[in-house]
Amino acid sequence: MKSAGHNVTTLDLAAAGINPKQVQGVNSFSEYNEPLITFLASLLPEEKVILVGHSLGGVSVSICHGKIT
């Protein structure tokens, strides 16, 4: 995607990758998705987004799709 000229942002959801939250502190799927929801909320209204997810992140993409207008 970068080589095609797109900006690329990678996120680790709660308790995954470099995200500092501990798995014991994630009590709901909403908490798990919080980094993605926060990122999407920070975008300007005219920005276009393509979400790409794998594994459990695919569920997050599906849930967040309804939050993108």
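So, here's what we can say about the structure.

Rules of the game
Residues numbered from 1 in each chain as written. Predicted model: local features only at pLDDT ≥ 70, side-chain atom pairs only at ≥ 80, totals over all residues. Heavy atoms only, no water. Helix = DSSP H or I, 4+ residues; strand = E, 2+ residues; numbered from the N terminus. Contact = heavy atoms within 4.5 Å. Areas by Shrake-Rupley, 256 points an atom, 1.4 Å probe, with all protein chains shown as cover. Lys, Arg positive; Asp, Glu negative; His and termini not counted. Charge placed at Lys NZ, Arg CZ, Asp CG, Glu CD. Polar contact = N/O pair within 3.5 Å; in protein donor to acceptor, adjacent residues only side chain to side chain. Salt bridge = Lys/Arg side-chain N within 4 Å of Asp/Glu carboxyl O. Buried < 20%, exposed > 50% of the residue type's maximum accessible area, 1.4 Å probe, protein only.

What follows is about the overall build of the protein chain. The helix and strand tally for the protein chain stands at two helices and zero strands. Summarising its shape, the C-alpha atoms of the protein chain cover approximately 40 × 25 × 20 Å along the three principal directions. In the protein chain, of all internal contacts separated by at least 6 residues, the share reaching a separation of at least 24 is 38%. By element, 56% of the accessible surface of the protein chain is carried by carbon and sulfur atoms, the whole surface being about 5300 Å². When the 4 basic and 5 acidic side-chain charges of the protein chain are each reduced to a single mean position, those positions are 5 Å apart.

The next point concerns the side chain of Asn-19. Residue placement: Asn-19 occurs in the segment before α1 (29-42). A polar contact is formed between the side chain of Asn-19 and the backbone nitrogen of Lys-21, at a distance of 2.9 Å. Apart from the residues within four sequence positions on either side, Asn-19 is in contact with Asp-12, Leu-13, Ala-14 and Pro-35.

Proximity of charged atoms lets side chains of opposite charge pair with each other. The final tally for this structure, using the stated rule, is one salt bridge. The closest approach of N and O atoms between Lys-21 and Glu-31, which form a salt bridge, is 3.5 Å. Here Lys-21 is found in the segment before α1, whereas its partner Glu-31 is found in helix α1, with ten residues between them in sequence. Classification of Lys-21 as partly exposed rests on a relative accessible area of 33%.

Our focus in this paragraph is the side chain of Asn-33. Inspection of the secondary structure puts Asn-33 in helix α1. Filtering out sequence-adjacent residues up to four positions away, Asn-33 remains in contact with Leu-13, Ser-60 and Ile-63.

Our focus in this paragraph is unusual backbone geometry. You will see that Ser-55, though not glycine, has its phi angle at about 55 degrees, which is positive. Among the structural elements, Ser-55 can be located in the loop between α1 and α2 (57-65). For Ser-55, a relative accessible area of 67% translates into the label exposed.

Take Ala-41: it is sitting in helix α1. Expressed as a C-alpha distance, the spacing of Ala-41 and Gln-22, which sit 19 residues apart in the sequence, is 23 Å.

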